[in-house]
Amino acid sequence: MWGSTVSVPPATVISGAAASWAFLLATGYGVRTPLPDLDIFVDDMWGPHMVWDPSSDRTPSALLGSTRRGRRLPADQIQRFHPAVPATVSCPPAMSPAAAWCAKHRLRFLLPALFLAPVLYFLLSPPSSPPFFGLPASGELPPSGSRLIWAQRRLVEWRPCGWWQTAPMPVPSRRTGYVRIDCYGGLNQLRRDLCDGIGVARLLNATMVLPKFEVAAYWNESSGFADVFDVDYFIEQTRGYVEIVKEIPAEIASREPFKVDCSKRKGQFDYVESVLPVLLEHQYISLTPSVNQRRDRNPSYAKASYCQGCYNALRLNKKAESKAIELLQTIPKPFVSLHLRFEPDMVAYSRCAYTDLSSKSLDSIEAARGEGRKVLTGDAARLWRNRGKCPLTPSETAFILQALGIPTSANIYLAAGDGLMELEGFTSVYKNIYTKSSLLTHEDFERMHGNTKAALDYYVSVNSDAYIATFFGNMDKMVTAMRTMQGLQKTLVLSRRAFANYTAAGLAGEQLANAMWDAHREEYIRGRGSALPEHCFCEFRL
């Protein structure tokens, strides 16, 4: 229909300013020809490309569309479809000697431009986030042996929602009483309870006293809130969300607070109905929040207080932060922080059976098992493992990291406590391993509280180039959330469920590695697996 043509194939199509300027480079600069002399065509399938009709005596035409199914556009619609095309195109008038030379030699200029178009496209395309370890980002599966999980283009990212970071609702001037949040366990469990308590204190319109950390049963030592966190910063950052005080009136401080323990409550209950009457009666209570209470049913001012208090108000005190920065600076860069969990008590609590462990590890697990933690057997054991309830061994972790393209030469900071079993299964594959005990002096390490040691792992993990967790406990949830607050997206939780199901299906070796790649790549590019509080973090499609 259109005669002999030279067309840009779909593979070399360029758009926007790149297409416009590639055409101008092909035709050269000269006397300007008005835009109505152009033939503009639009294809419903392939989009814009350029066609030259050598049978025509006219100047080269910029065509948007195909040579067979295109349709001509009026000049007044050209800018709507292709706003980057300038109002005039450079080519001499048809009757001048320069125009004759341009028409005769235009193919010589046009063909190089067609080859230049893809180059311009890639140069002018917006870059993706820089990949870890220097591999190029790609949405396609790289060839075996060169693929890397961090190089995959993400479709979805989680970011802090804007609504709770704006000015909160004013706190009522009249208070219902004083609440002290009592927190138990390790550092990240303490922090979880404290975050919940901040939201509850605002829900009850109570004045919050500095929390009490009960760590003796966990660390066999005593350390308080001020031993880890910056008290003044905490109070300042929560101002306008919830009132927090260091001291309470003498007449109230002279008596012990009335204890309200909600930690064991099951099912849904209402703090206003259950706790507020007690607070109004006693005016000073100590509260242990419920572990299972849903926060999404709280009013917006209580949600905002939770988000602000948990993710913007808690930072390490100067002494702990200084030691954490010192530790971070000693780790070779770039590095992965790996939260590896395979301690005897954790494995015993899981009730999972392991047959390929050393006799020493099996004895340690049996000693930690105690009464009521019998190993599951038969179908119950199989179903339990296939649900992802069994911790990954260090050797299984090393296998998965290799499947995800993490090079064995990578620097890995091991964020873990004492008592890790079967560690040689990991260190035999990944050699560049660093821990806080190996990087700090013996004197510094021995003088630290257990919570301070946990705080160092937390700080390094939040600020690492990449973070990988083999379990999804309290620390992993906090680290993932804080990395999301800082826009650090190279975070991944290894899938115990996928590993269990694929191995149960008989996959091994390269087949298993490919299956684990597919499972984790899907999780990573779609931003799944983080379990972030949806009222604090929002999903953004990229």
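Data block above holds the structure.
Residues numbered from 1 in each chain as written. Predicted model: local features only at pLDDT ≥ 70, side-chain atom pairs only at ≥ 80, totals over all residues. Heavy atoms only, no water.

K.L.:
Now, about the nonpolar core: what can you tell me, with residues and values included?
P.N.:
Counting 78 residues, the largest nonpolar core has Phe225, Phe234 and Tyr311 as its most contacted members. Here this core gets 8 residues from one element, more than from any other, and that element is helix H4 (residues 187-203). Apart from the residues lying within four places of it in its own chain, the contact partners of Tyr311 are Tyr306, Ala481, Met482, Met485, Pro533, Cys536 and Phe537. Counting residues in each nonpolar core, the second largest holds 42 residues, with Ile365, Ile406, Phe426 and Phe499 among its members. (Core = buried A, V, L, I, M, F, W, Y, C linked by side-chain atoms within 4.5 Å. Buried < 20%, exposed > 50% of the residue type's maximum accessible area, 1.4 Å probe, protein only. Helix = DSSP H or I, 4+ residues; strand = E, 2+ residues; numbered from the N terminus. Contact = heavy atoms within 4.5 Å.)

K.L.:
Talk me through the sheet that holds strand S10 (residues 244-245); I want residue IDs and the actual numbers.
P.N.:
Two orientations exist for strands paired in a sheet by backbone hydrogen bonds: parallel and antiparallel. Judged by pairing direction, the sheet is parallel, and its 5 strands sit side by side in the order S10-S9-S8-S12-S11 without closing on themselves. Edge strands, defined here as strands with exactly one partner in the open sheet, are S10 and strand S11 (258-261). In this sheet, strand S9 (residues 207-214) lies alongside strand S8 (residues 178-184) in parallel orientation, the contact comprising 6 bridges. Paired with Val179 across the bridge in S9 is Met208. The strands touched by H4 are S8, S9 and strand S12 (284-288); relative to S8, the strand with the most contacts, the crossing angle is about 160°. (Pairing = 2+ DSSP bridges. Axes fitted to C-alpha atoms, helices over the stretch in contact; angles between N-to-C directions.)

K.L.:
I'd like a description of the sheet that holds strand S14 (residues 411-414), backed by residues and values.
P.N.:
The 5 strands are arranged S15-S14-S13-S16-S17 in an open sheet whose pairing can be described as parallel. Edge positions in the sheet fall to strand S15 (433-434) and strand S17 (491-493), since each of these pairs with one other strand and no more.

K.L.:
So what about the state of the cysteines? Which residues, and what values?
P.N.:
Disulfide: a covalent bond connecting the sulfur atoms of a pair of cysteines. Enumeration according to the criterion identifies 4 disulfides in this entry. Two residues, Cys195 and Cys310, share a disulfide whose sulfurs are 2.1 Å apart. Classification of the bridge connecting Cys195 and Cys310 rests on its S-S torsion, roughly 75°, and on that basis the disulfide is right-handed. Of this pair, Cys195 sits in helix H4 while Cys310 is found in helix H10 (residues 300-311), placing the two residues 115 residues apart along the sequence. (Disulfide = S-S within 2.5 Å.)

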